[in-house]
Amino acid sequence: MTDRIYLSAPKMGEAELAGMASAIAADEIAMGTAIAEFEARLAVHAGTKGAVAAASGTAAIHLALDVLGIGSGDIVFCSSLTFAASAAPVRYLGAEPVFIDSEPESWNMSPDALKRAFETHPNPKAVIIVDLYGQAADYDALSEICTTHDVPIVEDAAEALGATYKERPAGGFGKIGIYSFNGNKILTTGGGGALLSDDETLLTRARNLAAQAREPALHYEHTRLGYNYRISNLAAAAGNAQLDRLMDRITQRREVFERYRAALSDIEAIGFMPEAPFGTATRWLSVMTMESGAGLPAPAALCEALEAENIEARPVWKPMHRQPVFTDCAYFTHGDNQSVSDDAFASGVCLPSGPDVTEDRQNRVIAAIRKALGKG
Ligand SMILES: *Cc1c(COP(=O)(O)O)cnc(C)c1O
């Protein structure tokens, strides 16, 4: 059997080993100086006053919603076309998500759908805007709407570290932004995340909640429930080495994307996730689309055909308003008869995009795609 090609495999090397080795040599395993360094560098990258590193991106979203005061019975708007971790923390806090469709330009939150949602639900406590597959949402349009309604944005930039919107970095657009360093993301700590903000009060509260909400007393006084959401110093040490690789990783992923596009350009019914003119995407995952009615396989069938060749591919995220766990939640579409997130789910496939996708291995993926499409 040929070796497996993954969708987005984690990759570390000598620099991460050296960083973790020096942390171990200094006995800085759980706590240590690598965490503060990681947080400072993330804040510089995002252009925010500060950052709090966390155990995961999901934990960072949970902390963000908690410090914004979201609780039982509150409504929180959230992009529908995303991974479940964007919305799950809303329910952790007893609040209700209301899902918002995408626009066709970037597949991110549709300003039109957001406006309609406000007509029905004028008082959400936050709007979670996702930067999908390495591309920032249209923050000028979305921020204007949220500012009018005086509702804070939580920017879920888990998939978009390194992406820009009008030359400004993804992660810095919300009242709070979050990153993920899960194994499949563009940079990884083997599991980790971060929360970013300009608001020192929110950052301090998040830092406290992430460490079990201890009051400054010798005997561990608690006036409310906290979480165990801190990152370890070892993971942060690896993260610092990963940050040095960000530009290389973006270049590599964009090259992978361009090779797919060039190699499949002769097949008319094939397209790709658009890159909106307002920003530069990282192409964290290369997403190919297949026109319906053109005799091509459905996304799941293509994934199965690739799996038979030991290649991992996935359909586009199943929208949250289609998920059994969220079926009772409201959903607002981009157009009267147009649900962009449903169209993306029906036509899109995420192709292997990680650091192990060398040119040779990508040629294997491309040949397998052409064979499955009957264009071999
Ligand atoms: C990965 C991801 C998360 C969660 O991050 P974890 O670090 O895996 O907890 C949240 N939102 C989106 C859009 C993601 O892709």
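Just so it is clear, the structure is predicted and the values come from calculations on it, not from any experiment.

What counts and how
Residues numbered from 1 in each chain as written. Predicted model: local features only at pLDDT ≥ 70, side-chain atom pairs only at ≥ 80, totals over all residues. Heavy atoms only, no water. Pairing = 2+ DSSP bridges. Helix = DSSP H or I, 4+ residues; strand = E, 2+ residues; numbered from the N terminus. Polar contact = N/O pair within 3.5 Å; in protein donor to acceptor, adjacent residues only side chain to side chain. Contact = heavy atoms within 4.5 Å. Near = heavy atom within 4 Å. Areas by Shrake-Rupley, 256 points an atom, 1.4 Å probe, with all protein chains shown as cover. Nonpolar A, V, L, I, M, F, W, Y, C, P; charged D, E, K, R; others polar. Axes fitted to C-alpha atoms, helices over the stretch in contact; angles between N-to-C directions. Parallel < 35°, antiparallel > 145°, perpendicular 65-115°, else oblique. Buried < 20%, exposed > 50% of the residue type's maximum accessible area, 1.4 Å probe, protein only.

**Q** Sorry, what's going on with the sheet that holds strand S10 (residues 270-272) here?
**A** Strand pairing in a sheet is mediated by backbone hydrogen bonds. Such pairs are either parallel or antiparallel. Reading across the sheet, the four strands line up as S10-S12-S15-S13 and stay open at both edges, with antiparallel pairing between neighbours. Each edge of the sheet is formed by a strand with only one pairing partner; in this case those strands are S10 and strand S13 (314-315). Relative to strand S15 (residues 348-351), strand S12 (residues 286-290) is paired through four bridges, and the arrangement is antiparallel. Considered in S15, the bridge of Met288 is made with Val349.

**Q** Sorry, what's going on with the side chain of Asp74 here?
**A** Along the polypeptide, Asp74 turns up in the loop between helix H3 (57-67) and strand S2 (75-79). Engagement of the side chain of Asp74 in a polar contact is seen with the side chain of Lys125, the distance being 3.0 Å. For Asp74, the residues in contact, after removing those within four places along its chain, are Gly69, Ala95, Glu96 and Lys125.

**Q** I'm lost on the site of the ligand in this one. Help?
**A** Among the 16 residues in the neighbourhood of the ligand, the closest are listed as Gly57, Thr58, Glu159, Ser180 and Lys185. In this structure, an oxygen atom belonging to the ligand sits 2.5 Å away from a side-chain N or O atom of Thr58. Starting from 380 Å² of accessible surface for the ligand in isolation, the protein chains cover 95%. Residues belonging to the shell around the ligand are distributed by class as follows: five nonpolar, eight polar and three charged.

**Q** Can you walk me through the packing of helix H5 (residues 111-120) against helix H6 (residues 139-148) in this structure?
**A** The interhelical angle for the contact between H5 and H6, taken along N-to-C directions, is 10 degrees, at an axis separation of 10 Å. When the axes of H5 and H6 are compared, the pair comes out roughly parallel. Here H5 contributes Pro111, Leu114, Lys115 and Phe118 to the contact with H6, which in turn contributes Ala141, Leu142, Ile145 and Cys146. Within the contact of H5 with H6, the residues separate by chemical class into seven nonpolar, no polar and one charged.

**Q** I would appreciate a short explanation of the pairing of strand S9 (residues 193-197) in the present structure.
**A** Regular strands place side chains that alternate from one sheet face to the opposite one. Among the five residues of S9, five are classified as buried, and the element is accordingly described as predominantly covered. Going residue by residue along S9, you find Gly193, Leu195 and Ser197 tucked away on one face and Ala194 and Leu196 tucked away on the opposite face as well. Taken together, the five bridges between strand S1 (residues 50-54) and S9 define a ladder with antiparallel strand orientation. Bridging across to S9, Ala53 finds its partner in Ala194. Looking at chain direction, strand S8 (residues 176-180) and S9 are connected through five bridges and run antiparallel. Across the sheet, Gly177 pairs through a bridge with Leu196, a residue of S9.

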